[in-house]
Amino acid sequence: MHRGPRIGRSDEEEAQPLPPLATGIALGLWIAAMLLLAFVIVPTIFASCLGGSPPA
């Protein structure tokens, strides 16, 4: 059975926006940035807070 071309859709819309390698690199960089934020930047900010005794 022969089907005609789809109306309203082009081949460009069905293609992935990024190739798998680029997607993997982007996700890897995102995860690395979140780990840096969680284990380096946020602890540094909290360590810089003055830890005085609580008010009585």
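Asker: How do you make sense of a nonpolar patch on the surface when you look at a structure like this?
Answerer: Residues Trp 30, Ile 31, Met 34, Leu 35, Leu 36, Leu 37, Phe 39, Val 40, Ile 41, Val 42, Ile 45 and Phe 46 make up a contiguous nonpolar surface patch of about 1,200 Å² in total accessible area. Within the fold, Val 42 resides in helix H2 (residues 20–47). On the basis of relative accessibility, which here comes to 33%, the residue Val 42 falls in the partly exposed class.

Asker: For this particular structure, what's the right way to read H2?
Answerer: Owing to its 3.6 residues per turn, the α-helix aligns residues three or four sequence positions apart on the same side. Taking 1.5 Å as the rise per residue, H2 with 28 residues should run 40 Å; its terminal C-alpha atoms sit 39 Å apart, in good agreement. Bending of H2 peaks at approximately 40° at the position of Leu 37.

So, how was this worked out
- Residues numbered from 1 in each chain as written.
- Predicted model: local features only at pLDDT ≥ 70, side-chain atom pairs only at ≥ 80, totals over all residues.
- Heavy atoms only, no water.
- Patch = residues over 30% accessible without salt bridge, like charges linked within 9 Å, V, L, I, M, F, W, Y side chains within 5 Å.
- Areas by Shrake-Rupley, 256 points an atom, 1.4 Å probe, with all protein chains shown as cover.
- Salt bridge = Lys/Arg side-chain N within 4 Å of Asp/Glu carboxyl O.
- Helix = DSSP H or I, 4+ residues; strand = E, 2+ residues; numbered from the N terminus.
- Buried < 20%, exposed > 50% of the residue type's maximum accessible area, 1.4 Å probe, protein only.
- Expected span 1.5 Å × (residues − 1).
- Bend = angle between axes of the 7 residues up to and from the residue.

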